[in-house]
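Each chain, letter by letter, is given below.
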Amino acid sequence: MIMGLTGDSKGQLLCQLAELVKEISGLPECRNSCKKTHGTLVRRIKLLSPLFEELRDGNEESMVKIEEIKGFELLKSALDSTKKLLQSINEGSKLYQALQKDQVAYKFQQMTETIEAALSEIPYDKLDISEEIREQIELVHAQFRRAKGRPESPDLQLEHDLAIVQKEKDPDPAILKRLSDKLQLRTINDLTKESVALHELVIASGEDPGERIEEMASLLKKLKDFVLTENPEADTSEGEKGLMKHRSPVIPDDFRCPISLELMKDPVIVSTGQTYERSCIQKWLDAGHKTCPKTQQTLLHTALTPNYVLKSLIALWCESNGVELPKKQGTCRSRKAGSSASDCDRTAIITLLEKLANGNSEQQRAAAGELRLLAKRNADNRVCIAEAGAIPLLVELLSSTDPRTQEHAVTALLNLSINDSNKGTIVNAGAIPDIVDVLKNGSMEARENAAATLFSLSVIDENKVAIGAAGAIPALIKLLCEGSPRGKKDAATAIFNLSIYQGNKARAVRAGIVPPLMRLLKDAGGGMVDEALAILAILASHHEGRAAIGQADPIPVLLEVIRTGSPRNRENAAAILWSLCTSNLEQLKIAKDFGAEEALKDLSETGTDRAKRKAGSILELLQQLEVKEDAVSLSSL
């Protein structure tokens, strides 16, 4: 005997299926990197709707065989799971989904396979449906079957853009624009929602968020800076601006401490994964409590982990809403006497320093990485780490044979050098020769960060001499030629700063700086024209620099910049041209032959004050040259 269901049971299941399809079809359009995959899945599921509606509206007395019910039950389970996935994609962090694209794609593929398996269990030829509906469902089933064995192609442009923005300190605005559009993070409102989604992701993880979350916070900050630069008034109408003057913004619940209900200044995570204001939870623990105030779960330990991601999100929200950024309680400048860091911070830093000094290679690598991150986060950390004696230990690790340890050490020193008082400590620890060695022989990331460190240290004039004498300039020129866009900019900035010292100008010229600078100057799409002109302008004040530039056929490209460049670049090009023409009559004649007079006349009227002076001076030289040439012509008659 074949088991079956009554019409009522059948109708209930079909109604549930029809409702699920309706709910999935009514989900908001996906506005992130999963847009295509999300839309395709929703469209296919929507095409199943006529099947359930026709069956539901059919003969209520008909019996449905057990094989058919198995397929419908499987399909209901599959559609339930699909609805949850699609909702999580819509509501979740767009940056997380973009960075975890492989995992997200796998989830979509799983859903596709589950729906296809369920459809395979439904014998359409035995159902009381019209031929038109049967053909449509068989077509949809065929689409799911093909999709099961053919995953979506990866978005290579998105992958490339994410990699560039993650690595570079100052990414190309065009790349940020593409990312902003692709991820639909175009306004401050979009970015605020993404901030909350990121925070919820941290809370849901229930553990230390790790480097991936920190990467996302960094990406979010770069996108926010781009959006504010492109559209400072984003998301703020005139009416809203007036209202904002008379009301305070509502603080998101996730940014409030569950104990004090105030905006958190120094959020920390306890062992249950909940976040509290440090001072509030510390008072709770000091009172002898062993449980989490919010969940009442017993705490496995009483260590407090700084929630750096949430802190950066709170800072972003404060900046976006015109709220004064909370000041952390008990910073290094307001500690109790005799201590430059809180007991908790000092304990953590001392532990890391102990690992740097006496740990095995893995412990040293991990400790250097932690100090690198701590030094990056705020000014107080940079003071505390230096005062604790980290700098000499980090300098020793510059000679490590482990590339990652070396990268961490040089980057930690870079971050520490942001504090002016630390610059002297780093130099006094004998760091310059070792940093130069990393610049010559390290990994590309280490070389680029070594260049940035040398630039930071060279802000102090006496360091310019020491860095140049240590052989940094040839290595910086090599990085200028073969580094990433960010690395080239770091190398160029360091070379420029070092070349302010007269002795380093000669070193740079003798090391062959001029030919690569001319290549960068002629490559308008390379993004290094500004830097190349700035360095050439400073080298042109040195006799060896002028001679080397003059041999590189510079006049045509300099005149092109004077005609079409930015105000600053036109000024630098005019300065270089002036140096060449005032010291070499042949260069003046070449400039005349290439039509310099017209370009310089325009510059003398529309350029910066300095550019006008240089243009006027060269025009006078051209007039004198013309007079001499006329005199020579007359005398030959």
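- Under an unreviewed UniProt entry, the name given to the protein is RING-type E3 ubiquitin transferase, and the organism recorded is Gossypium tomentosum.

### Some points on the overall build of the protein
Reasoning step 1: Per the secondary structure count, the protein includes 34 helices and five strands.
Reasoning step 2: The proportion of buried residues among the 637 residues of the protein is 46%.
Reasoning step 3: Taking the intrachain contacts of the protein between residues at least 6 apart in sequence as the baseline, contacts between residues at least 24 apart amount to 70%.
Reasoning step 4: Counting every atom, the protein has about 31,500 Å² of accessible surface; 51% of that belongs to carbon and sulfur.

### Let's talk about helix 26 (residues 502-510)
Reasoning step 1: Among the residues making up helix 26, those that are buried are N504, K505, A506, A508 and V509.
Reasoning step 2: Tucked into the core, helix 26 has its buried residues touching helix 23 (461-469), helix 24 (472-482), helix 25 (485-498), helix 28 (529-539) and helix 29 (543-550).
Reasoning step 3: At the exit of helix 26 stands G512, carrying a positive phi of roughly 90 degrees.

### With respect to a negative patch on the surface
Reasoning step 1: A surface patch of like charges, here negative, comprises D125, E131, E132, E135 and E138.
Reasoning step 2: If you trace the backbone, E131 turns up in helix 7 (residues 131-148).
Reasoning step 3: Under the relative-accessibility criterion, E131 is labelled exposed at 56%.

### Section: the packing of helix 31 (residues 567-583) against helix 32 (residues 585-593)
Reasoning step 1: One way to put it is that helix 31 packs onto helix 32 with a least axis distance of 5 Å and a crossing angle of 125 degrees. By the angle class used here, helix 31 and helix 32 are oblique. Pair helix 31 / helix 32 crosses with left-handed handedness. For the pair helix 31 and helix 32, the contacting residues are L577, L580, C581 and S583 in the first and L585, Q587, L588 and A591 in the second.
Reasoning step 2: Looking at the contact of helix 31 with helix 32 residue by residue, the classes come out as six nonpolar, two polar and no charged.

### Focus on unusual backbone geometry
Reasoning step 1: Positive phi outside glycine occurs at Q184, with the angle close to 55 degrees.
Reasoning step 2: Judged by relative accessible area, which is 15%, Q184 ranks as buried.
Reasoning step 3: Positive phi is not limited to glycine here, since D553 has a value of about 50 degrees.
Reasoning step 4: Tracing the backbone shows D553 in the loop between helix 29 and helix 30 (555-564).

### A look at the confidence of the model for the protein
Reasoning step 1: Of all residues in the protein, 84% have pLDDT values of 70 or greater, and the mean over the chain is 80.
Reasoning step 2: When the criterion is pLDDT under 50, residues 1-9 qualifies, and its contacts beyond four places in sequence or with other chains add up to eleven contacts.
Reasoning step 3: Across residues 60-67 the pLDDT falls below 50, and counting only partners more than four positions away or on other chains, this stretch makes 16 contacts in the model.

### Some details on the side chain of T453
Reasoning step 1: Following the sequence through the fold, T453 ends up in helix 22 (residues 444-457).
Reasoning step 2: Take T453: its relative accessible area is 0%, and that puts it in the buried class.

Calculation criteria
- Residues numbered from 1 in each chain as written.
- Predicted model: local features only at pLDDT ≥ 70, side-chain atom pairs only at ≥ 80, totals over all residues.
- Heavy atoms only, no water.
- Helix = DSSP H or I, 4+ residues; strand = E, 2+ residues; numbered from the N terminus.
- Buried < 20%, exposed > 50% of the residue type's maximum accessible area, 1.4 Å probe, protein only.
- Contact = heavy atoms within 4.5 Å.
- Areas by Shrake-Rupley, 256 points an atom, 1.4 Å probe, with all protein chains shown as cover.
- Patch = residues over 30% accessible without salt bridge, like charges linked within 9 Å, V, L, I, M, F, W, Y side chains within 5 Å.
- Salt bridge = Lys/Arg side-chain N within 4 Å of Asp/Glu carboxyl O.
- Lys, Arg positive; Asp, Glu negative; His and termini not counted.
- Charge placed at Lys NZ, Arg CZ, Asp CG, Glu CD.
- Axes fitted to C-alpha atoms, helices over the stretch in contact; angles between N-to-C directions.
- Parallel < 35°, antiparallel > 145°, perpendicular 65-115°, else oblique.
- Left-handed = near helix turned anticlockwise from the far one by under 90°.
- Nonpolar A, V, L, I, M, F, W, Y, C, P; charged D, E, K, R; others polar.
- pLDDT = per-residue confidence, 0-100.

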